[in-house]
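# Architecture and fold: a report
These are the residues of each chain, in order.
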Amino acid sequence: MDSRLLDLLVCPLCKGPLIYKKEDQELICKPDRLAFAIKDGIPVMLEDEARRISDEVEIK
């Protein structure tokens, strides 16, 4: 994932910063507890496609 692109991307819901999880190929929004998948190098920034992160899981 290009670091310049990561600097530009924000959560589509809250417009907050995202955390890049290279090993999972996901972009994480801590406040909304959503994980946006990266497929073939392209972030899928749709709320309907995002994975919800349960409250029990600590986001680092």
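Above this text is the structure in question.
Anyway, here's the lowdown on the structure attached to this text. (Residues numbered from 1 in each chain as written. Predicted model: local features only at pLDDT ≥ 70, side-chain atom pairs only at ≥ 80, totals over all residues. Heavy atoms only, no water.)

We now examine the pairing of strand S2 (residues 26-29). Here S2 shows a buried face lined by Glu26 and Ile28 and a second buried face lined by Leu27 and Cys29. As paired elements, strand S1 (residues 19-21) and S2 share three bridges and run antiparallel to each other. The residue of S2 that forms the bridge with Tyr20 is Leu27. Linkage of S1 to S2, two consecutive antiparallel strands, is achieved through a turn of four residues, within which Gln25 is found at a positive phi near 50°. Taken together, the four bridges between S2 and strand S3 (residues 34-39) define a ladder with antiparallel strand orientation. For Ile28, the partnering residue across the bridge sits in S3 and is Ala35. (Buried < 20%, exposed > 50% of the residue type's maximum accessible area, 1.4 Å probe, protein only. Helix = DSSP H or I, 4+ residues; strand = E, 2+ residues; numbered from the N terminus. Pairing = 2+ DSSP bridges.)

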